[in-house]
Amino acid sequence: MVPITESTPPPPEAAPKIPVLSDQIDIVDDNIEIEDSFISLEDDANMGVEIMDYVEEVQEQVVEEEEIPFQLVEEKPSFNGGDANEFSKWVNQRLVYPEIAKENGVSGRVTLAFTVNADGSVSNVRVVRGVDPALDKEAVRVVSSSPKWKPGKQRDRAVKVSYIFPVIFQLR
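Novice: Is there a simple way to think about helix α3 (residues 133-144) in this case?
Specialist: Because each turn of an α-helix spans 3.6 residues, side chains separated by three or four positions end up pointing in the same direction. With 12 residues, α3 extends 16 Å between its outermost C-alpha atoms, agreeing within 8% with the 16 Å of an ideal straight helix rising 1.5 Å per residue. Three or more residues of α3 are buried, namely Leu135, Asp136, Glu138, Ala139, Val142 and Val143. Angularly, the buried residues of α3 cover 165° about the axis, an arc narrow enough to put them on a single face. Exposed and oriented more than 90 degrees from the buried face of α3 are Pro133 and Lys137. On its buried face, α3 is in contact with α1 (84-94), α2 (99-104), β1 (108-116), β2 (122-129) and β5 (161-169).

Below is the structure:
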C-alpha cells in the first residue's frame with residue numbers, strides 16, 4: 001500500500017496595493033527663459049512643404065511569377081503512352097550500375113524529385129534521399145535524359161507537374 005500524501009497549497013498572492021491619491025497640488029516655479037530667436041513667426045524659405053503636381057498615370061512593373069508545379073492534376077502526365085510503370089521500365093533499361101558501387105557492394109533506393117513541364121520535358125531533377133554519390137549521380141543522369149512526356153492537364157490546359165520517383169539499385 002502506498003500512503004496518501006497531502007500537500008498544502010501555497011497561500012494566495014497578496015493583492016497589489018492601491019496607490020493613495022491626494023488632492024494636494026504642488027506649484028513649482030518655472031524659471032526657464034526662451035530666446036526670441038528660437039521661435040520665428042515670419043515666413044522662412046527653408047520651412048514648409050513643397051507642393052508638387054499630381055502625377056495621373058504611374059507605370060506598374062509587371063512581375064512575372066514562376067509557375068508553381070502541381071502535385072495533383074486532373075490528367076496525369078504519361079510517358080510513351082503509358083503510366084509511371086512504363087517510365088520505371090525505361091529507366092531500368094538505361095541504368096548503368098557504377099563500378100565503384102559494385103566494388104563496395106552498395107545498393108539501395110535513390111528517391112528523386114523532378115518536374116514534367118507543360119511542353120513535356122523533364123527538368124529540375126534533384127535527389128531527395130540518396131544512397132551513395134555514385135548511385136545518386138547515375139539516377140539523376142538517366143532521369144534527366146528522359147524523352148518528352150505527354151504533359152499533365154488541369155482544366156484542359158497543359159501544366160507543370162512535380163513527381164517523386166524511386167530508382168532502385170540492386171546487386172545480383
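Novice: Is there a simple way to think about the pattern of salt bridges in this case?
Specialist: Side-chain pairs of opposite charge can arise where the charged atoms are in close proximity. Scanning the model with the defined rule gives 4 salt bridges in all. Ionic pairing is found between lysine 150 and glutamate 75, a salt bridge with its closest N-O pair at 3.2 Å. Of this pair, lysine 150 sits in the loop between α3 and β3 (152-154) while glutamate 75 sits in the segment before α1; the two residues are 75 residues apart in sequence, bridging distant segments of the chain. Notably, a salt bridge pairs aspartate 119 with lysine 148, separated by 3.8 Å at the nearest N-O pair. With aspartate 119 in the loop between β1 and β2 and lysine 148 in the loop between α3 and β3, the pair connects residues that are 29 residues apart, well separated along the chain.

About the criteria used
Each chain carries its own residue numbering, running from 1 in the written order of its sequence. Only residues with pLDDT of 70 or above have their local features reported here, since the model is predicted, and side-chain atom pairs are shown and tallied only from 80 upward, although totals for entire chains, interfaces and linings are computed over all residues. Based on all heavy atoms of the structure, the side-chain values leave hydrogens and waters out of the count. Put simply, DSSP H or I for four residues or longer makes a helix, DSSP E for two residues or longer makes a strand, and each gets a number counted from the N terminus. Multiply 1.5 Å by the residue count of a helix minus one, and that product is the helix's expected span. Using a 1.4 Å probe on the protein chains alone, a residue whose accessible area is under 20% of its type maximum counts as buried, one over 50% counts as exposed, and one in between counts as partly exposed. Here, the arc refers to the directions that run from the helix axis to the C-beta atoms. In this analysis, two residues are considered to be in contact whenever any of their non-hydrogen atoms come within 4.5 Å of each other. By salt bridge we mean one thing: a side-chain nitrogen of Lys or Arg within 4 Å of a carboxyl oxygen of Asp or Glu.

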